Amino acid sequence: MSKEKAPERLIDDSGLRIDGRRPEDLRPIKLEVGVLENADGSAFIQQGKNKILVGVFGPREIHPKHMVLPDRAVIRCRYRMAPFSTEERKNPAPSRREIEISKVIREALEPAVMSEYYPRTVIDIFIEALQCDGGTRCAGIVAASLALADAGISMKELVSACSAGKVGGQVVVDLCDLEDKYGEADLPVALMPNLSAVTLIQMDGKLSREEFEKALDMASEACRQIRNFQAEALRHKYQGMVDTEEPPATGEASK
Amino acid sequence: MSATPKTSGMAKLERDAVLELASKNRRLDGRALTDYRKIKIETGIIEKANGSAQVTLGKTKVMVGVKVQMGSPFPDTPNEGVQTVNVELTPLAYPTFETGPPGENAIELARIVDRNLRESKAIDVTKLCITPGNKVFVVFVDINVLDHDGNLIDASTYAALAALMTGKFPEYELKDGEVIFKDSFQPLPINNHPVPVTFAKVGKILVADPCLKEEEAMSARLTVGIDKDDFVCAMQKGGIGELDSNEIKAAVETAINKSRELRGIIMEASK
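Treat the numbers as computed from the prediction; the structure is a model and nothing was measured. What you see as residue numbers is a count from 1 along each chain, following the sequence as written. For naming, the first written chain is A and the first written ligand is 1, with later ones following in the order written. Where totals are concerned, whole chains, interfaces and linings use all residues; where local detail is concerned, this predicted model gives features only for residues with pLDDT of at least 70, and gives and counts side-chain atom pairs only at 80 or more. The side-chain values count all of the structure's non-hydrogen atoms but skip hydrogen atoms and water molecules.

(A) Layout of the overall build of chain B. Every helix listed is a DSSP run of H or I at least four residues long, and every strand listed is a run of E at least two residues long, numbered separately from the N terminus. Looking only at helices and strands, chain B has five helices and 13 strands in total. Dimensions along the principal axes, computed over C-alpha positions, put chain B at roughly 70 × 40 × 35 Å. Looking at the 271 residues of chain B, the share that counts as buried comes to 53%. By definition, residues are in contact when any of their heavy atoms lie within 4.5 Å. Pairs at least 24 residues apart make up 68% of the contacts formed inside chain B by residues separated by at least 6 positions. Computed with a 1.4 Å probe, the accessible areas rest on the Shrake-Rupley method; for each residue, only the protein chains presented here act as cover. For chain B, the exposed area adds up to about 12,000 Å²; of that, 52% sits on carbon and sulfur atoms. Throughout, exposure labels follow a simple rule: accessible area from a 1.4 Å probe, protein chains only, divided by the maximum for the residue type, with under 20% read as buried, over 50% as exposed, and the rest as partly exposed.

See below:
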């Protein structure tokens, strides 16, 4: 069991963060669409040390039946941290934190999904945080939105998400775990960039009004960058198919 | 697993009326957009609790009891007392509140109250340590919702704050490592007074302190917690709708102004 120590300084003399990033820099992001066989849509995100897998099922028949909504699809969402995802083993029973995050992630995705196209059905979103390093709810939203698109579910816009916050007196984006723990504030934001619609915002810590506005603007800008990565990841999987006029030579149905 | 809730039993006519009014910048009960309903705060109502308060906000009624007991610190904060917040949406408060373990709404509510208190460092937990790494005071903040007419977040936090500010915990002495409690009590160490201001987005506008009918017609909800020095200390968006960033910035400004007035009311009641 390794015991982490509080870093002495979160910002060094040249203004760089503990992992060498500048305040406005994101961690390296890797996105992959269509990584699971059985799910209708899936995506994987790696952001720094975060590794998160999302599977989407649906629209499908809803059980239990009494949950049905006559005029739209029910959206269900579960965010779960794997027991091995953290420094200390996480008890597999759902924590209060996971229950709250499942709710806010669902509420972050609902405005994007055109659920009225799928009445009396359910769309299930399962988010498995396999390794956590700060900002997992945002990374989960980024991947979930790709998995929904991969499942062919109609959406108004992709949902992007990124946190901003204050660390060592500086307003920065995309906090890693240490910055989240020992920094002054954390502000996760989810945004539909092309609609300028904020679908998730939470904050804890201490920010002046000016700092808050700066953090919100920086988080929004980061979301716009991430949206480009998301579009690229989708294109990477689907562009080939869309551009091909002839059916595949082997006749094998590709997913 | 979190699922889209069933739409409430409120008649479409009523919802339309709320939205129709909102399109003219008006509200059901005639309040201005940033007006709160009448607030009544009573403290010291439960003798067996270490601190207690009941907040009546319009027709919303919330009771908070604070209990202080000896317990163990968390391993990563051996020199600090522990704060824990729990919410019970009691079935007597609303027809659809059910018995059983807390659901996501109760958990979210408890965590928002907790966030306001914790992030503003309202309770000075460093003063609640008895023997480092071994014995500390645990402050249990238990919120009982008694009547639900909207804006449970604000009512609950105000009640929690009033209960804590009037709360007391036992004086003690250490004899050979044994904790001996005296018969006398001292006030809980309260350092900050976070005041959340909650808005509902109804149609195209934000209204402060939404009543239940406004909550049922709203697309999104935003809570902004402001501490005693006008810093933002907590925030939470709820609901299946969206907000834009200018709206959020305007809400923060309104919340800063509004929180001063509300804090005055809470402080006055908690003397």
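There is more to say, and it comes next.
(B) Local environment of the interface of chain B and chain A. In this assembly, 40 residues from chain B lie in contact with 43 residues from chain A. Of the roughly 3,600 Å² buried where chain B meets chain A, counting both sides, 57% is carbon and sulfur surface. A quick way to say it: buried area is the sum, across both parts, of accessible area lost when two parts are put together, with a 1.4 Å probe. On the chain B side of the contact with chain A, Met1, Thr4 and Lys249 of chain B bury the most area, a combined 18% of that side's loss. Salt bridge criterion: a side-chain nitrogen from Lys or Arg within 4 Å of a carboxyl oxygen from Asp or Glu. Joining chain B to chain A, the criterion identifies six salt bridges. Glutamate 104 of chain B serves as the salt-bridge partner of arginine 106 of chain A, at 3.3 Å between the closest nitrogen and oxygen. N or O atoms within 3.5 Å of each other form a polar contact, as long as, within protein, one can give a hydrogen and the other can take it, and as long as residues adjacent in sequence are counted only when both atoms are side-chain atoms. Run the count over chain B and chain A and you get 26 residue pairs in polar contact (both at pLDDT 80 or more). Counting only elements with at least two residues in the side of chain B that touches chain A, the list comes to strand E1 (2–3), strand E5 (82–89), helix H2 (104–119), strand E13 (232–238) and helix H5 (245–269) of chain B. Considering every element that reaches the side of chain B that touches chain A, the biggest residue donor is H2 of chain B, with eight residues. A pair of strands is labelled paired if DSSP reports no fewer than 2 bridges between them. With two bridges connecting them, strand E4 (residues 74–81) of chain A and E1 of chain B associate as antiparallel partners.

(C) Highlighting the sheet that holds strand E6 (residues 160–167) of chain A. Here we have eight strands laid out as an open sheet, ordered E7(A)-E6(A)-E8(A)-E9(A)-E13(B)-E12(B)-E10(B)-E11(B), and antiparallel in their pairing. Lying at the two open borders of the sheet, with one neighbouring strand each, are strand E7 (170–173) of chain A together with strand E11 (205–208) of chain B. When strand polarity is set aside, the average angle formed by the axes of neighbouring strands in this sheet is 20°. Judged from the seven bridges that link them, strand E10 (residues 195–202) of chain B and strand E12 (residues 220–226) of chain B form a sheet pairing that is antiparallel. Following the sheet pairing, valine 195 of chain B is matched in E12 of chain B by isoleucine 226 of chain B. Packed on one face of the sheet, helix H1 (residues 96–109) of chain A meets strand E8 (185–192) and strand E9 (197–207) of chain A together with E13 of chain B and runs near 140° to E9 of chain A. For helices, the axis comes from a line fit to the C-alpha atoms of the stretch in contact; other axes are also lines fit to C-alpha atoms, and the angle between any two N-to-C directions lies between 0 and 180 degrees. Seen against the sheet, H2 of chain B touches E9 of chain A together with E10, E12 and E13 of chain B and runs at an angle of roughly 165° to E13 of chain B.

(D) Main features of the side chain of arginine 31 of chain B. All names here are of chain B. Mapped onto the elements, arginine 31 comes out in the loop between helix H1 (12–22) and strand E2 (39–43). By relative accessible area, which is 10% here, arginine 31 ends up buried. Engagement of the side chain of arginine 31 in a polar contact is seen with the backbone oxygen of aspartate 35, the distance being 3.0 Å. Non-local contacts of arginine 31, meaning those with residues more than four positions away in its chain, are made with Tyr36, Arg37, Ala208, Asp209, Cys211 and Glu214.

(E) Up close: the pairing of E8 of chain A. Residues and elements named next belong to chain A. Across the eight residues of E8, eight count as buried, placing the element largely inside the fold. Of the two faces of E8, the one holding Ala185, Leu187, Val189 and Leu191 and the one holding Asp186, Pro188, Ala190 and Met192 are both buried throughout. The sheet contact formed by E6 and E8 spans seven bridges and is antiparallel. Looking at the pairing, alanine 161 lines up with alanine 190 of E8.

(F) Representation of the environment of arginine 263 of chain B. Residues and elements named next belong to chain B. Tracing the chain through its elements places arginine 263 in helix H5. In this structure, arginine 263 is in contact with His193, Val195, Ile226, Asp227 and Lys228, ignoring residues within four places of it in sequence. At 3.0 Å, the side chain of arginine 263 forms a polar contact with the backbone oxygen of aspartate 227.

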